[in-house]
Amino acid sequence: MHRILLYKKESVIGEVIMEKHELVDINGNKTGEILTHVEARDINNVPNGRYISVVGVVIINENDEILLQKRSRFKRANPSKWGICGGKVDLGETPLEAGIRETLEEIGILLNKEELKFLSMDANEKSHFTVYYVRKNVDLKECKLQEEELEEVKYFRIEELQKLDNEGFEWLDNLKKII
């Protein structure tokens, strides 16, 4: 992430954070090719054979229920859909580090690297997904929702997931093997 300072008459009037994302190949290996966050919003900016690295974190409680978040109805992509914590991997991050950051940003829960386990890896036309899972009893009252991103969090039984209006649960078959 690069910070750009805005100046007016020799004083700082604000700070803009410019997120960047390094593209990966089909196997999730970094390529050295970089897009800004704005460029990454348009999949036409992603060259053939390159992918935007995206991470997801599945949180499972002691009752084998899955913690999902409902995206804000004002979001440009997938408004009001249920999904797991996650997002794009920033320049300089690993997918694991991005999963920890995204979970903290979105629901206010800090995870550590040791408790996250690999669940799945998949790719579609322009995105490469790495999904981790953690067994953790998260109290919903302790979640601090990123209000511009989310409307609510809720636990669901695995049987309920396919009935939801969701962002996609490509990782669900792998999850069924561990629950």
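Up top is the structure.
Values in this document were obtained by computation on a predicted structure and should not be read as measured data. (Residues numbered from 1 in each chain as written. Predicted model: local features only at pLDDT ≥ 70, side-chain atom pairs only at ≥ 80, totals over all residues. Heavy atoms only, no water.)

Enquirer: Outline the environment of Leu 175, supporting the account with residue identities and numerical values.
Expert: Here Leu 175 is to be found in helix α3 (residues 172-178). Separated by 42 residues in the primary sequence, Leu 175 and Tyr 133 have C-alpha atoms spaced 8.4 Å apart. With residues up to four places along the chain from it excluded, the contact list for Leu 175 reads Val 58, Ile 60, Ile 66, Leu 119 and Ile 158. (Helix = DSSP H or I, 4+ residues; strand = E, 2+ residues; numbered from the N terminus. Contact = heavy atoms within 4.5 Å.)

Enquirer: With reference to specific residues and values, describe the pairing of strand β5 (residues 51-60).
Expert: Each regular strand shows side chains that alternate between the opposite faces of the sheet. Of all 10 residues in β5, 10 are buried, a share of seventy percent or more. Residues of β5 alternate between two faces, with Tyr 51, Ser 53, Val 55, Val 57 and Ile 59 on one and Ile 52, Val 54, Gly 56, Val 58 and Ile 60 on the opposite face, all of them buried. As judged from the 2 bridges shared by strand β3 (residues 20-24) and β5, these two strands associate in the antiparallel manner. Bridged to Leu 23 within β5 is Ile 52. With 9 bridges connecting them, β5 and strand β10 (residues 127-135) associate as parallel partners. Across the sheet, Val 57 pairs through a bridge with Tyr 132, a residue of β10. (Buried < 20%, exposed > 50% of the residue type's maximum accessible area, 1.4 Å probe, protein only. Pairing = 2+ DSSP bridges.)

Enquirer: Can you lay out helix α2 (residues 95-107) for me, pointing to particular residues and giving the numbers?
Expert: With 13 residues, α2 extends 18 Å from end C-alpha to end C-alpha; this agrees with the ideal 18 Å at 1.5 Å per step. Listing the buried residues of α2 in full gives Leu 96, Ala 98, Gly 99, Ile 100, Arg 101, Glu 102, Thr 103, Glu 106 and Ile 107. Lining the buried residues of α2 we find β5, β6 (65-71), β8 (85-88), β10 and β11 (150-157). Note on α2: the residue one or two positions beyond its end, Gly 108, has a positive phi of about 75°. (Expected span 1.5 Å × (residues − 1).)

Enquirer: Explain the packing of aromatic side chains to me, using residue names and the numbers behind them.
Expert: Evaluated as defined, the whole model comprises 3 aromatic pairs. Measuring from centroid to centroid gives 5.0 Å for Phe 169 and Trp 171, while their planes differ by 65°, and the two rings are edge-to-face. Trp 171 gets classed as buried once you look at its relative accessible area, which sits at 3%. (Phe/Tyr/Trp six-rings, centres within 6.5 Å; stacked < 30°, edge-to-face > 60°.)

Enquirer: Please give an account of the pattern of salt bridges that cites residues and values.
Expert: One pass over the structure, following the stated rule, counts 14 salt bridges. For Lys 75, the salt bridge goes to Glu 149, with nearest N and O atoms at 3.2 Å. Separated by 74 residues along the polypeptide, Lys 75 in the loop between β6 and β7 (82-83) and Glu 149 in the loop between β10 and β11 bring together distant segments of the chain. The partner of Arg 101 in a salt bridge is Glu 105, with the nearest N and O atoms 3.3 Å apart. With Arg 101 and Glu 105 both in helix α2 and 4 residues apart, this pair spans about one turn of that helix. The class of Arg 101 is buried, set by a relative accessible area of 16%. On the basis of relative accessible area, Glu 105 is assigned to the partly exposed category, the value being 38%. (Salt bridge = Lys/Arg side-chain N within 4 Å of Asp/Glu carboxyl O.)

Purely geometric stuff here, so don't read any function into it on its own.
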